[in-house]
Amino acid sequence: MALVRLLGNLTTNFLTFLGQVAILAWETLGSIACGRIRLRLVMQQIAEIGYRSQLVVIVTGAFTGAVFTAQAYFQFAALNMETAVGPVVALSMFRELGPTLTGVMVAGRVGAAMCAEIGTMKVSQQIDALRALAVNPVDYLVVPRAVAMFISMPFLVVECVGFGILASYYTGVQVLNIPGVYFLANIQKWTDSSDITMSLVKGFFFAGVIVFISCREGLGAKDGAVGVGRATTSTVVNCSLAILISNFFLTMALNIFFPAG
Amino acid sequence: MFSGETLVLLGKSGGGKSVFLRHLIGLMRPLSGSITFEHEEITTLDERALEPVRRRIGMLFQDGALFDSMNVFDNVAFPLRERGEKNPATIAQKVAESLAMVNMTGHDKKMPVNLSGGMRKRVALARAIISPPSVILYDEPTAGLDPIVSDSINKLIRHLQKELHVTSIVVTHDMVSCFHIADRVALLDQGRIYFVGSPEELKSTTDPVIRDFVDGRSGETIY
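Residues numbered from 1 in each chain as written. Chains lettered and ligands numbered in written order. Predicted model: local features only at pLDDT ≥ 70, side-chain atom pairs only at ≥ 80, totals over all residues.

### Quick word on the environment of Ala242(A)
Residue and element names in this part refer to chain A. As a reminder of what qualifies: Helix and strand assignments come from DSSP, with helices taken as H or I runs of at least 4 residues and strands as E runs of at least 2, each series counted from the N terminus. Once C-beta atoms are placed from the backbone, each residue is buried if 20 or more other C-beta atoms lie within 10 Å of its own, exposed if 12 or fewer, and partly exposed for counts between those two. Contacts are defined on C-beta atoms placed from the backbone: any two residues whose C-beta positions lie within 7 Å are in contact.
Here Ala 242 shows up in helix H9 (residues 224–257). Its 19 C-beta neighbours within 10 Å are what place Ala 242 among the partly exposed residues. Sequence separation between Ala 242 and Phe 206 is 36 residues; the distance between their C-alpha atoms is 8.7 Å. Ignoring sequence-local partners within four residues, the contact set of Ala 242 consists of Val 209 and Ile 213.

Next up, the structure:
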């Protein structure tokens, strides 16, 4: 009985949270559609989300590309298929690793900061002050972050993928002695624009996941500093899980429109 | 409420005074009852529909609730910018006037974290009055302040009433402040308005509940 009650509570909490995120997304997209966009704040957020996240995304992409290349080489070399390493890494980076790793890294860096900032504003009555001054908190806090995130994420994904493939090329050709011409030729042969499109679509979708979960957690923060800390932890965990889980379903759905190979 | 008067709302800590104030500006919604502002029922309005009402009401929060990412100037200029004022000269002039009114001239570059409690409240007041409201709600304006700063805040509330002819509701349990600024006093007890009258009537009443509050008697005898 206790187990049933526990499962019931977990399901109710999950559905409530999902509903709150969906309502926030609906309000935000409605405000964007109505043109309630503060350009100055959007630019500030692009600097914070896009510009300042580049290093972490580039390093993540580059080292993932390098290590994936090494592992693929160790396996393929036994089959004399070294030149297949390039397309395997490129396809994986475009279709899965690039958007997913960028999403998880941005959730950790930006999502946590967003939640902590908005959560602190909530518990110190700054959001009430905004409302008392006739400023809608969604318009002022969420819309600029959402717009900046939707603009920045595709660029960050491209950087992650690009540096991943560059690192893969360097590791494969310079370190593991795979012939460079075949490496590049096979990448060109096995990848096309649909892989890039899939990467960008996923990046765009994960941007929404991160911004709406982070802002919802921040706006719902309570119980002072402890509550903000709890909300921030919850943001990183929920964003990461949501990205990883939704990535599976996105892959299955997008594969219908952009089949691999 | 009568237009242009200052009503002081007294009551025990945790008695619901601040909650009452938050209902008046729509930050909380009542489970029952109604609130009418300038002949308009506001309890049924949603967030967007409340915005025009909130533009006519200024609120001073207990700890100021200044935006800690902005300096004093930007905090005070915030309502002007949000209402579409783009001319930097006009903004600078109005901010200077507001800061002068609360004796905070020369502090405009400071961040909220570097201000004392009294300074934060005065800056918050400057922010609340920069687009002159018809009503100002004060939540514990003198709580945690020394007597001299409290007196300056009290004088400021009186001054604003005379200068801007605003209607004020002041939530406090500071009796000195109450007698200094009130035109009328209301006492909240167990969720209901127990007494409404002039400060003189409050002083002269023999009602034991009111006398305990005015004279600061807890009624406890264990120590």
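### Quick look at the interface of chain B and chain A
As a reminder, the rule being used: The classification used treats Ala, Val, Leu, Ile, Met, Phe, Trp, Tyr, Cys and Pro as nonpolar, Asp, Glu, Lys and Arg as charged, and all other residues, Gly among them, as polar.
Each side of the interface is counted separately: chain B has 15 residues, and chain A has eleven residues. Ranked by the residues each element gives to the side of chain B that touches chain A, the list is headed by helix H2 (residues 47–54) of chain B, at four residues. Among the residues making up the side of chain B that touches chain A, the classes are represented as eight nonpolar, no polar and seven charged.

### With respect to the confidence of the model for chain A
The following threshold applies: Confidence of the prediction at every residue is given by pLDDT, a number between 0 and 100.
Taken over all residues, the pLDDT of chain A has a mean of 92, while the share at 70 or more is 99%. Across chain A, the secondary-structure element scoring lowest on mean pLDDT is helix H7 (residues 180–190) of chain A, at 89, and the one scoring highest is helix H6 (residues 137–175) of chain A, at 95.

### Thoughts on the nonpolar core
Put simply, the rule reads: Think of a nonpolar core as buried Ala, Val, Leu, Ile, Met, Phe, Trp, Tyr and Cys residues, each tied to the set through C-beta atoms within 7 Å.
One finds Ile210(A), Cys215(A), Leu60(B), Ala126(B) and Leu137(B) to be the most contacted residues of the largest nonpolar core, which totals 116 residues. When residues no more than four places from it in sequence are discounted, the contact partners of Ala126(B) are Val76(B), Ser98(B), Leu99(B), Met101(B), Val102(B) and Met104(B).

### Some thoughts on the domain arrangement of chain B
Residue and element names in this part refer to chain B. Counted only if it meets this: Just so you know, the domain bounds were taken from an automatic or database domain assignment.
What the domain assignment reports for chain B is domain 1 (1–56 + 133–223) and domain 2 (66–132). With centres defined by C-alpha atoms, the gap from domain 1 to domain 2 works out at 24 Å. If you look at the interface, domain 1 gives eleven residues, while domain 2 gives ten residues. At six residues, the largest contribution of residues to the side of domain 1 that touches domain 2 is made by helix H6 (residues 147–164). When grouped by side-chain class, the residues that make up the side of domain 1 that touches domain 2 number nine nonpolar, two polar and no charged.

### Section: helix H4 (residues 85–123) of chain A
All names here are of chain A. Under the convention used in this document: Two axes enter the definition of the bend at a residue: one is fitted to the seven residues ending there, the other to the seven starting there, and the bend is the angle between them.
The sharpest bend along H4 comes to roughly 60°, located at Met 93. Among the 39 residues of H4, 30 are classified as buried, and the element is accordingly described as predominantly covered. Remark: Gln 125 follows H4 within two positions and exhibits a positive phi of approximately 65°.

### What about the sheet that holds strand S5 (residues 135–139) of chain B?
All names here are of chain B. Note the cut-off: Only strands that DSSP links by at least two bridges are regarded as paired with each other. Whenever a helix is involved, its axis is fitted only over the stretch in contact; in every case the axis is a line through C-alpha atoms, and angles between N-to-C directions fall within 0 to 180 degrees.
Across the sheet, which stays open at both edges, the six strands sit in the order S4-S5-S6-S1-S7-S8 with mixed pairing between neighbours. Edge positions in the sheet fall to strand S4 (57–60) and strand S8 (192–197), since each has one partner strand and no second. Across the sheet, the mean angle from the axis of one strand to that of its neighbour is 15°, orientation sign disregarded. Pairing geometry for S5 and strand S6 (residues 167–171), over five bridges, is parallel. Within the sheet, the bridge partner assigned to Leu 137 lies in S6 and is Ile 169. Packing against the sheet, helix H9 (residues 208–215) makes contact with strand S1 (6–11), strand S7 (184–189) and S8, and its axis sits at approximately 105° to S7.

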